[in-house]
Amino acid sequence: MKGVWSDDTKRPRGSRHANARLTEEQVARVRELVRRGRSCRSVAGRLGVNKSTIQRAVRFESWRHVTSEE
C-alpha cells in the first residue's frame, strides 16, 4: 500500500487538513504553555477548542509532525 487514499496521494497534515482547528505554531505554543504549568482546560478555553484537542496535541497523539524548537 503506497499511499493512503485510492489515488495514491498522502492525506493533508496539520493546518492543511480541512478539519484542523489549530495551526502548527499554535500547537508548539500550546505544548510550551502546558509544559510551563498552564492547564489544558485554560489553554483550550483561550483557543476555543475542546480540552481533549489540547491533551492529544500535548501527548503527541495528534500533531506528531510538529516538533519543539528548544
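Look above for the structure.
Keep in mind that this is a model prediction, so the values were computed, not measured.

> Lay out the nonpolar core with the relevant residues and their values.
Formed by 13 residues in total, the largest nonpolar core has its most connected members in L22, V27, V34, V43, I54 and W63. At the level of elements, α1 (24-35), α2 (40-47) and α3 (51-58) are the ones that each hand at least two residues to this core. Among the elements that take part in this core, α1 stands out by supplying four residues, more than any other.

> Give me the lowdown on the pattern of salt bridges, citing residues and values where you can.
Taken as a whole, this structure holds four salt bridges when the rule is applied. Note that E32 is salt-bridged to R35, the shortest N-O span being 2.9 Å. Of this pair, E32 and R35 both sit in helix α1, three residues apart, roughly one helical turn. We classify R35 as exposed; its relative accessible area is 54%. Ionic pairing is found between R36 and E32, a salt bridge with its closest N-O pair at 2.4 Å.

> I'd like a description of the packing of aromatic side chains, backed by residues and values.
Counted under the stated rule, the structure contains zero aromatic pairs. A cation over an aromatic ring shows up here: R31 above the ring of F60, its NZ or CZ 3.7 Å from the ring centre.

> With reference to specific residues and values, describe the environment of A57.
Secondary-structure assignment places A57 in helix α3. You can call A57 buried: its relative accessible area is 0%. Separated by 30 residues in sequence, A57 and V27 place their C-alpha atoms 6.8 Å apart. Setting aside residues up to four positions removed in sequence, A57 forms contacts with V27, R31, S62 and W63.

Here is what the cut-offs are and how they apply
- Residues numbered from 1 in each chain as written.
- Predicted model: local features only at pLDDT ≥ 70, side-chain atom pairs only at ≥ 80, totals over all residues.
- Heavy atoms only, no water.
- Core = buried A, V, L, I, M, F, W, Y, C linked by side-chain atoms within 4.5 Å.
- Buried < 20%, exposed > 50% of the residue type's maximum accessible area, 1.4 Å probe, protein only.
- Helix = DSSP H or I, 4+ residues; strand = E, 2+ residues; numbered from the N terminus.
- Salt bridge = Lys/Arg side-chain N within 4 Å of Asp/Glu carboxyl O.
- Phe/Tyr/Trp six-rings, centres within 6.5 Å; stacked < 30°, edge-to-face > 60°.
- Lys NZ or Arg CZ within 6 Å of the ring centre and 35° of its normal.
- Contact = heavy atoms within 4.5 Å.

Geometric values such as these leave the question of function open.
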